[in-house]
Amino acid sequence: MTEFFEAIQNVPLIRYSLLAGIVSSLMFGVVGSFVVTRRIGYIAAAIAHSILGGIGAAIYFNRVHGVEWLTPMIGAIAAALISAAVIGWVTIQFKEREDTIIGAIWAFGMATGLMFIYFAPGTQTNLESFIMGNILITSEKDVIATVVLGALVLLFVALFYHKLVAVCFDEEFASLRGVSARVYYLLLLAITGICMVLLVRVAGIILSLALIVLPAATASRFAGRLWVIMIVAVVLSIIYNVGGLALSFQMSVPTGPLIVLVACTVYAASFFVKRRAR
Amino acid sequence: MSSPIVCCENVYFRYGNPWVLEDVSFTVPAGESLAVIGPNGGGKSTLLKILLGLEEPNRGSVSILGETPENARCRMGYVPQAMRFDPLFPITALDIVLMGRLDRLKFGRFSKHCHEVAKEALNQVDLADRANRPFADLSGGERQRVMIARALACEPELLLLDEPTANIDLSIEEQLLEILEKLRENMTILLVTHDLDLVSTLGDSVLCVNHRVHRHSLPLSGETIREIYSGGKRIEHDRRARHQQGDHSACEHD
């Protein structure tokens, strides 16, 4: 472990990764609790996959048309928000089967991304880092972006916690009490989208779902109130992200898969521990 | 005479082609309890949705407490069926009851006053000691009473209940009846139900909804009941009779 602490002191990249990991863990725990209790895990997964579309488009326009400001991060956030809006809007408006829309968005995002990357000139893009994730590509700019996004999401949840809970529990009653349930549902999908972008950085598209769902799912086995689940999920997220970073550095194995394996093991172990008293 | 609490005039409604409700007119005077009965698919739930302002009638007019349903929402308390909810949702009884005060919350936390009102509402349904229990730990009857408390926390002038005794044990049902009888003394109640016991104990009058509406006086004769539920539909009354004879094949137990 001493090597890791030395690296924190000497390598800025590790410091950034650590800071970004802690800030995003706060978001993952809080938003993940909503994702688990509202049962929208598969929407989160569809958004994660659609992010590749945004990344691909950003790379393409950057290289072909020289759009400098369009970084993969911005492309990813745009794609996540668009997918969240489309999934939310279609399910509300057309009463279409949710799983069908989820599947369509999921594949459409991946396909667009692969197409853009194929047509983008220049050096071969390293798809693996998007799909498998690599937390060690964090720059100072990204850390700032993460902190700002994290602050916005947490502030939103803190201010409108009761309305979000009410909309998740009973949309109809919430709207009868003057809460615009649809708006809050769409906002919930939007913050889920932002979380997925940050998670894709850590664990990649395929593994990101585990990291938003598992901490909250583990916590919900023992806690009876949403805010308690959030606190436990945040703590678990920090342990996974920071611990995973340290461990993978020490053992020089890929961070994302290691974190996911640890999270899955803890979740599985939680089934052998007695649930809270009834 | 004061103006009626609910006033429906020539209301027509349909989702697709056939009318779900046709030429529905009725009023509920202040302080009255109206029981709404009728076969499944007869339009009871739709009528409730229209009264709550969740659906707009195609024709006709509805006024609640002298306002449009949408504007009167905050003066109504609505009790949905408790079984509709995700039993795993991590929330306590008190948190659910506090939802009745959402219209007074802009952001942040509920005020002290809101907490007091919510606790008093739980007290009214004899659940004061269950306030901090998770929803998942409550029995079916307790969950239904939490839903009533949530509606009471709205401090409503009109209370709307959707089949409050569905999926509930007979012994618990008596408890529920007692609570509703007490509430009936100081508010106007509109109650959708399949349960003819509930109708006879609580209803001042009965509205039968089967696309069109008919008003009946109480007590209902066997003839009327057969008329209402014609078409061989299984009715609550039938289940109850069999239950009392020890035949539980038609009962739904948890």
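This text follows the structure it describes.
Residues numbered from 1 in each chain as written. Chains lettered and ligands numbered in written order. Predicted model: local features only at pLDDT ≥ 70, side-chain atom pairs only at ≥ 80, totals over all residues. Heavy atoms only, no water.

Peer 1: It is not clear to me how the overall build of chain B should be interpreted in this structure. Could you clarify?
Peer 2: Within chain B, the secondary structure is distributed over nine helices and nine strands. Across the 254 residues that make up chain B, the buried fraction comes to 54%. Within chain B, contacts between residues at least 6 apart in sequence are counted, and of these 68% link residues at least 24 apart. Carbon and sulfur atoms form 45% of the exposed surface of chain B, whose accessible area is close to 11,500 Å². (Helix = DSSP H or I, 4+ residues; strand = E, 2+ residues; numbered from the N terminus. Buried < 20%, exposed > 50% of the residue type's maximum accessible area, 1.4 Å probe, protein only. Contact = heavy atoms within 4.5 Å. Areas by Shrake-Rupley, 256 points an atom, 1.4 Å probe, with all protein chains shown as cover.)

Peer 1: Can you walk me through the sheet that holds strand S7 (residues 188-192) of chain B in this structure?
Peer 2: Through backbone hydrogen bonds, the strands of a sheet pair up, either in parallel or in antiparallel fashion. Residue and element names in this part refer to chain B. Here we have six strands laid out as an open sheet, ordered S5-S6-S7-S3-S8-S9, and mixed in their pairing. What marks the edges here is a single partner per strand, and that holds for strand S5 (76-79) and strand S9 (212-216). Taking the axes of each pair of neighbouring strands and ignoring which way they run, one obtains an average angle of 20° across the sheet. Where strand S8 (residues 205-210) and S9 come together, five bridges link them in antiparallel fashion. Across the sheet, residue Cys208 finds its bridge partner in S9, namely His214. Set on the sheet, helix H5 (residues 140-152) makes contact with S5 and strand S6 (158-162); between it and S5 the angle comes to about 170°. (Pairing = 2+ DSSP bridges. Axes fitted to C-alpha atoms, helices over the stretch in contact; angles between N-to-C directions.)

Peer 1: What exactly am I supposed to notice about the pattern of salt bridges here?
Peer 2: Within this structure, the stated rule accounts for 17 salt bridges over all chains. With its nearest N and O atoms 3.5 Å apart, the salt bridge here joins Arg177 of chain A to Asp103 of chain B. Note that Arg177 of chain A is positioned in the loop between helix H8 (171-176) and helix H9 (181-220) and Asp103 of chain B in the loop between helix H3 (93-98) and helix H4 (112-124), a pairing that runs across two chains. For Arg177 of chain A, a relative accessible area of 2% corresponds to the buried category. (Salt bridge = Lys/Arg side-chain N within 4 Å of Asp/Glu carboxyl O.)

Peer 1: Is there a simple way to think about the interface of chain A and chain B in this case?
Peer 2: For an interface, size is often stated in terms of accessible area lost upon the parts coming together. Chain A puts 26 residues into the contact, and the matching count from chain B is 35 residues. Carbon and sulfur atoms make up 61% of the surface buried where chain A meets chain B, a total of about 2,800 Å² over both sides. The partner of Arg39 of chain A in a salt bridge is Asp86 of chain B, and the shortest N-O contact between them spans 2.9 Å. Looking at the side of chain A that touches chain B, the elements that each hand over two or more residues are helix H7 (140-169), H8 and helix H10 (226-251) of chain A. Here the element with the most residues in the side of chain A that touches chain B is H7 of chain A; it accounts for nine residues. Counted by class, the side of chain A that touches chain B contains 14 nonpolar, four polar and eight charged residues. (Buried area = accessible area lost by both parts, 1.4 Å probe. Nonpolar A, V, L, I, M, F, W, Y, C, P; charged D, E, K, R; others polar.)

Peer 1: What is the right way to read helix H4 (residues 72-94) of chain A from this model?
Peer 2: Given 3.6 residues per helical turn, the α-helix brings residues three or four places apart onto the same face. Between its first and last C-alpha, H4 of chain A extends 32 Å over 23 residues, near the 33 Å set by a 1.5 Å rise per residue. At the exit of H4 of chain A stands Lys95 of chain A, carrying a positive phi of roughly 50°. (Expected span 1.5 Å × (residues − 1).)

Peer 1: Explain the environment of Leu198 of chain A here, please?
Peer 2: Residue and element names in this part refer to chain A. Turning to its location among the elements, Leu198 is positioned in helix H9. C-alpha separation for the pair Leu198 and Phe28, spaced 170 residues apart in sequence, amounts to 9.0 Å. Look past the residues within four positions of Leu198 in its chain and what remains in contact with it is Ser24, Met27, Phe28, Met73 and Thr146.

Peer 1: Please clarify how the pairing of S8 of chain B should be interpreted in this entry.
Peer 2: Where a strand is regular, its side chains alternate between the two sheet faces. All names here are of chain B. In terms of residue burial, S8 counts as a mostly covered element, since five of its six residues are buried. The pairing of strand S3 (residues 33-37) with S8 spans four bridges and is parallel. From the neighbouring strand, Leu34 faces S8, where its bridge partner is Ser205. Where S8 folds back on S9, the antiparallel hairpin that results is connected by one residue, among which His211 adopts a positive phi of roughly 70°.

Peer 1: Would you mind showing me how to read the sheet that holds strand S2 (residues 21-28) of chain B here?
Peer 2: Residue and element names in this part refer to chain B. Taking strand neighbours across the sheet as the criterion, the three strands line up as S2-S1-S4 in an open arrangement whose pairing is antiparallel. The sheet is open, and its two borders are formed by S2 and strand S4 (59-64), each paired with just one other strand. With strand direction ignored, the average angle separating the axes of adjacent strands in the sheet is 15°. Bridge analysis of strand S1 (residues 6-13) against S2 gives five bridges, and the strand direction is antiparallel. In the strand pairing of S2, Phe13 is matched with Leu21.

Peer 1: Explain the packing of aromatic side chains here, please?
Peer 2: The description of an aromatic ring pair uses the distance of the two centres, along with the angle that the planes make with each other. For the coordinates displayed, the defined rule picks out 13 aromatic pairs over all chains. Taken together, a centroid distance of 4.8 Å and an interplanar angle of 10° make the contact between Phe169 of chain A and Phe85 of chain B stacked. Highlighted residues: Phe169 of chain A in helix H7 and Phe85 of chain B in the loop between S5 and H3, drawn from two different chains. Pair check on accessibility: Phe169 of chain A and Phe85 of chain B agree, each one buried. Ring pairs connect the aromatic residues Phe169 of chain A together with Phe85, Phe89 and Phe135 of chain B, which therefore count as one cluster. (Phe/Tyr/Trp six-rings, centres within 6.5 Å; stacked < 30°, edge-to-face > 60°.)

Peer 1: Is there a simple way to think about the pairing of S3 of chain B in this case?
Peer 2: Residues and elements named next belong to chain B. Along S3, five of the five residues are buried, which leaves the element largely enclosed by surrounding structure. Residues of S3 alternate between two faces, with Ser33, Ala35 and Ile37 on one and Leu34 and Val36 on the opposite face, all of them buried. When S3 meets S7, the two strands line up parallel, connected through four bridges. Residue pairing across strands places Leu34 opposite Leu190, the latter belonging to S7.

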